[in-house]
Amino acid sequence: LRILSLENGRELFALEAGSYVPASPAIARRTAYAASYGGRLLAFSTATARLLWSAGPRTEKAAFLGSPAIAFGTVVAGGKDGNIRAWEAGTGRQLWQFATGGSVDASPLIAGGSVLAASTDGWLYLVDRQTGRELWSAELGGQLRASPVAAGDTVFIGTPDGRFIAYREKSK
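These numbers were taken from a predicted model, which means no experiment stands behind them.

1. Describing the packing of aromatic side chains
Considering all chains together, one arrives at five aromatic pairs under this definition. Between Tyr-33 and Trp-53, the ring centres sit 6.0 Å apart and the planes meet at 45°, which makes this aromatic pair tilted. One end of the pair, Tyr-33, is in strand β4 (residues 31–35); the other, Trp-53, is in strand β6 (residues 51–55), with 20 residues separating them in the sequence. Among the residues examined, Tyr-33 registers a relative accessible area of 4% and is labelled buried. Judged by relative accessible area, which is 7%, Trp-53 ranks as buried. Ring plane angle 40° and centroid distance 5.3 Å describe the contact between Trp-136 and Tyr-167, whose orientation is recorded as tilted. Of this pair, Trp-136 sits in strand β14 (residues 134–139) while Tyr-167 sits in strand β17 (residues 164–168), and the two are 31 residues apart along the sequence. Residue class for Trp-136 comes out partly exposed when judged on its relative accessible area of 31%.

This is the structure we're talking about:
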């Protein structure tokens, strides 16, 4: 992994990730979180490139293909092994793991107290951010590889058959 200067593009720091990092890192509070194909989640300082912690199953069977998500002190990533995992952002302590029926290739989304993740089993999952307990799931069909995105109170996701689906929380 390389940290480049926005002013001139020169390399400021480099960090050995141990394997291919297929997606962009997530950044919060001067810490970058990068997910590797070797099944490692790495947290490092953007100021010094010092590795703060490393966690994860450390196997290509659980390779991380999408970017991790970071919010509310929680880092979340989905793996080829079909699991969505959450870690404490400051320590790397794993908080929970949720199994889907397929590979989780896309980046998950943290939205308030929930995590949304698409799986190649054709389902979109919503799990509780703190516990990993499933709140609901929706069968969208096909091998979902798109990342859900949020705008205001609406979540959007594209499907393999060309549909663009929006979900909005019901008014209370």
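2. Focus: the side chain of Ser-119
Mapped onto the elements of the fold, Ser-119 is located in the loop between β12 (114–118) and β13 (123–128). A distance of 3.1 Å separates polar atoms of two side chains, one belonging to Ser-119 and the other to Thr-100. In this structure Ser-119 touches Thr-100, Gly-101, Gly-102, Ser-103, Val-104, Tyr-125, Gln-143 and Leu-144, once residues within four positions along its chain are discounted.

3. Structural notes on the sheet that holds strand β7 (residues 69–71)
Strand order in the open sheet formed by four strands is β7-β8-β9-β10, and the pairing between neighbours is antiparallel. Only two strands of the sheet have a single partner each, and these edge strands are β7 and β10 (94–99). Going across the sheet, the axis of each strand differs from the next one's by a mean of 15°, ignoring polarity. With three bridges joining them, β7 and strand β8 (residues 74–78) adopt antiparallel strand pairing.

4. Concerning unusual backbone geometry
Excluding glycine, residues mostly carry a negative phi; peptide bonds, for their part, are mostly trans. You will see that Arg-58, though not glycine, has its phi angle at about 55°, which is positive. Of note in the backbone geometry, Phe-72 takes a positive phi value of approximately 55° without being a glycine. You can see Phe-72 is positioned in the loop between β7 and β8. Overall, the relative accessible area of 56% leaves Phe-72 in the exposed class.

Reading guide: rules and limits
- Every chain is numbered on its own, with residues counted from 1 as its sequence reads.
- Confidence filtering applies because this is a predicted model: local features only for residues at pLDDT of at least 70, side-chain atom pairs given and counted only at 80 or more, and all residues used for totals across whole chains, interfaces and linings.
- Computation of side-chain values covers all heavy atoms of the structure but excludes hydrogens and water.
- Stacked, tilted and edge-to-face are the three classes applied to pairs of Phe, Tyr and Trp rings, where Trp contributes its six-membered ring and a pair requires centres within 6.5 Å; stacked means planes under 30 degrees apart, edge-to-face means over 60, and tilted covers the rest.
- Each helix is a run of DSSP H or I of at least 4 residues and each strand a run of E of at least 2, with the numbering of both proceeding from the N terminus.
- Buried residues are those whose accessible area, probed at 1.4 Å on protein chains only, stays under 20% of the maximum for their type, while exposed residues exceed 50% and partly exposed ones sit between those limits.
- Definition of a polar contact: a pair of N or O atoms within 3.5 Å, with one able to donate and the other able to accept a hydrogen when the atoms are protein atoms, and with sequence-neighbouring residues admitted only if both atoms are side-chain atoms.
- Here, residues are in contact when the closest pair of their heavy atoms is within 4.5 Å.
- Strand pairing requires that DSSP identify at least two bridges connecting the strands.
- For helices, the axis comes from a line fit to the C-alpha atoms of the stretch in contact; other axes are also lines fit to C-alpha atoms, and the angle between any two N-to-C directions lies between 0 and 180 degrees.

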